[in-house]
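This is what each chain is made of:
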Amino acid sequence: MTHITDADVRDILRPHRDGGPISRLYATGEITEGTVTAIGVAADMLSLDAQDGESDRLEDVIDYVREAGERPPVAGWVAKL
């Protein structure tokens with residue numbers, strides 16, 4: 001697994017905000033039961049579009065999310081980055 005930081009997560013997710021779980025992780029650090037699925041779907045779509053590098057970056061975020069586990073919004077998420 002590639003270890004990525006909170007700032008890396010925001011950078012990777014910025015172009016993939018969906019108004020749902022991905023956007024909540026991007027904006028607040030919140031991780032819900034649907035976060036992995038949403039990121040996985042986005043990664044699969046990129047892979048189908050032959051954007052394997054970006055898909056791999058989203059896979060790194062999935063590893064991060066799985067390691068962190070479900071959590072409510074993180075106080076100061078944006079400020080601490």
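Calculation notes
Residues numbered from 1 in each chain as written. Predicted model: local features only at pLDDT ≥ 70, side-chain atom pairs only at ≥ 80, totals over all residues. Heavy atoms only, no water. Phe/Tyr/Trp six-rings, centres within 6.5 Å; stacked < 30°, edge-to-face > 60°. Lys NZ or Arg CZ within 6 Å of the ring centre and 35° of its normal. Helix = DSSP H or I, 4+ residues; strand = E, 2+ residues; numbered from the N terminus. Buried < 20%, exposed > 50% of the residue type's maximum accessible area, 1.4 Å probe, protein only.

(A) A look at the packing of aromatic side chains. For the structure on display, the rule yields 0 aromatic pairs. The ring of Y26 is capped by R10, whose NZ or CZ atom sits 4.1 Å from the centre of that ring. Positioned over the ring face of Y26 is R17, at 4.7 Å from the centre of the ring.

(B) Up close: the environment of E33. Considering the arrangement of structural elements, one finds E33 in the loop between α2 (21-28) and α3 (35-48). By relative accessible area, E33 is classed as exposed at 70%.

This is a description of form; function is not addressed.
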